[in-house]
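# Remarks on the overall topology
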Amino acid sequence: MYGDSPSTPPAPAAEAAAPSVISSPAGRRWLPANRWARRALYGVAGLLGLWALGWLAVPPLLKWQGEKIASEQLGRAVRIGAVDFKPWTLELTLNDVAVAGAAGAPDQLSVKRIYANAALQSLFRLAPVVDAIQVEAPALRLTHLGDGHYDIDDILAKLAARPQPAEATEPARFALYNIDLSGGRIDFDDRAVKRQHEVRDLRLTLPFLSNLPSERQIKVQPQLAFVANGSAFDSRAEALPFADSRQTDAAFRLTQLDLKPYLGYWPASLPIKLQSAVVDADLRLDFEQTPKPSLRLSGALAVSGLKSVDGQGADALAFDALKVQLAEVRLLQRKVHVSSVELDGPQLALRRLKDGQFNLLVVPGGADATKSEATGASPTSAVGISDAASAPRPTASAAAPAWQVAIDKLALHGGTLDFVDDTTAVDGAPAAVVRLNEVELTAARMGLPVSQPLSFNGSAALVGTEGLTPAIPDAAAPRAAAPRRARKGAATEAAAPQAPASATRSAVPSIEFQGTAAARGVEVNARVAGLPLALAAPYLAPHLVPQLTGDLDAHVGLRWAPPQAQGLPPELKVAAESLTLRQLMLADAPTPVASAAPPPRPARGVKHSGPLASIGQIDVAELLVDLRSRAVTVGKLAVQTPRVVVERGADDALMYQAWLRQPPGAAAPDNA
């Protein structure tokens, strides 16, 4: 019987199928005999080695080469504080990146941290695909040295000197996700106007941006916010920047932007200089290329606390608040549609200078200011006006449409107008002064070109006219009120209209008007109450020696129409339903009630007291003046209590000859 020999045991089938191991020469490293298992193990080991190599070698290599290449490209020293790279997640972090300033100045640009997380899609898309980009605490310092030069001119010149490709190439494709810039700040030192500007809390977020063909229809939603010189700005948008339509919807919000820090940039050639203003805005911008570009602007714009002065430093224009509601503004099509314009508390100081010019149209310094600004001496030349002037100007297209402007509603509340005419201040005579207060104005359907009738109405009160209309002295009262035997009660009838008329006189002179304006003409109806005629005294002084005083109440209408044919004058008619002149008096000086004023100057030596001439009241009704046909029609004329002192001097000259002022150098009239 044969048994199994221990020296030659049979090989079981299970053992034959088991994988065999190969001993390494050292006899301590064992590898699987299976080819694929060995390859997998090799791959894992190689990947781990590559990761380790990248983790150890990429940071110092990137720091070295990054600083070197960036410094060569910018012409400034570039520093990178630390580099961290995680090859297993493709995350790259740069800390304390800085670009040196010019000539030992502080760093031009510094960034606390830059983080980028690349995606594995970059490998098979052959384009950079980044899942996240974070830029923390970037700080930029910029200095304007004057004459259009900045402290980064050397960097710009270095970049401009780089060789450009001979042929235009297709832009590199990319896909960027979750772009976030936070904690940014900008310091701008403008030495030309001696102002420093600060931008703080700069925040820019961009969830997605890609020009890959498969993702061009995905909307980009950026957000930009910052605080500039203490004023907050915020904006949001949706856009398709790489699609054919270029569709963009953006919203901009500006809160309490104080313009004082920017007044140094106000053009010196303008006749008005801004002193202060605060701007608020909530605007929406829509753009689309289908196939012609379309740009639409809508929203609200407000300006408050505006103050300005003219070229002489005197007050010019100021208002409490201006609110503009934009319905739709198509800039490319030259169409502007404004829903409403509301102006509160405007104050306008209008002055006519001695040379006849108005203060709001006089440029400070005359032609010299304009010349200095064009040559770049003024702060406005800081952006390179000389370069823009030398560039070829586009010629206006003959087919370009004219601007179309439509304003649905215009309202002005609580306005004030001060008008001073220095041309009337001659030989010690005071200048003409008119002040309107409580000015109200509303208008509807305003437009250019005029397509429908414009309707408007308004009112104003005259202030500072106290004492301009003195009462007729009582010296004339006995003669006017004396009873006459021929007609009993005639004096009562003559005096009766005066009592209610004086009782109904407005305490404050006022003006009210309303009308329409269209292409076919203009029609205005106005009511005037208690208007002092003494306001015209400075304009009558060169022609009339005595002063004219009195009050005017009127209800008048004016109609103007363009010429009906070439060569014909325009139509101009003035109609007065009622016109009343009260307390008309011609005297050498205003005679206040119960005043001890010195007697007026007599005419050529004739001694008298009281006014030279006076009329208690003149009533005119149904008055029509046609200037084109030179015709005047009066329906009713009534004169009450007229009085005139008729005197003849020793030289046989009547009193009225002394009333008319003779031109300089003219000989006195000979009445011999």
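Residues numbered from 1 in each chain as written. Predicted model: local features only at pLDDT ≥ 70, side-chain atom pairs only at ≥ 80, totals over all residues. Heavy atoms only, no water.

## Overview of the side chain of Thr143
Take Thr143: it is sitting in strand β6 (residues 129-146). When residues no more than four places from it in sequence are discounted, the contact partners of Thr143 are His149, Tyr150, Asp151, Asp189 and Arg191. (Helix = DSSP H or I, 4+ residues; strand = E, 2+ residues; numbered from the N terminus. Contact = heavy atoms within 4.5 Å.)

## A word on the packing of aromatic side chains
On inspection of all chains with the given rule, the structure shows 3 aromatic pairs. With a centroid separation of 6.4 Å and 50 degrees between ring planes, the pair formed by Phe456 and Phe513 is classed as tilted. With Phe456 in strand β20 (residues 454-462) and Phe513 in strand β21 (residues 510-518), this residue pair connects regions lying 57 residues apart in the sequence. Relative accessible area serves as the criterion here: at 17%, Phe456 is assigned to the buried category. Look at Phe513 and you get partly exposed, because its relative accessible area is 28%. (Phe/Tyr/Trp six-rings, centres within 6.5 Å; stacked < 30°, edge-to-face > 60°. Buried < 20%, exposed > 50% of the residue type's maximum accessible area, 1.4 Å probe, protein only.)

## Digging into the pairing of strand β24 (residues 571-587)
In this structure, strand β23 (residues 547-561) lies alongside β24, joined through 14 bridges in antiparallel fashion. Among the inter-strand pairings, Arg559 is bridged to a residue of β24, identified as Lys573. Pairing of β24 with strand β25 (residues 613-626), which is carried by 12 bridges, proceeds in the antiparallel orientation. Pairing of Val574 across the sheet is with Val625, part of β25. (Pairing = 2+ DSSP bridges.)

## Digging into unusual backbone geometry
Across the junction of Leu448 and Pro449, the peptide omega takes the value -5 degrees, indicating a cis bond. Relative to the assigned elements, Pro449 resides in the loop between β19 (432-448) and β20. With a phi close to 55 degrees, Lys194 is a non-glycine residue in the positive phi region. Its location among the elements puts Lys194 in the loop between β8 (175-190) and β9 (195-210). The exposed category is assigned to Lys194, whose relative accessible area is 77%. Residues other than glycine seldom take positive phi values, yet Gln256 does so here, at roughly 50 degrees.

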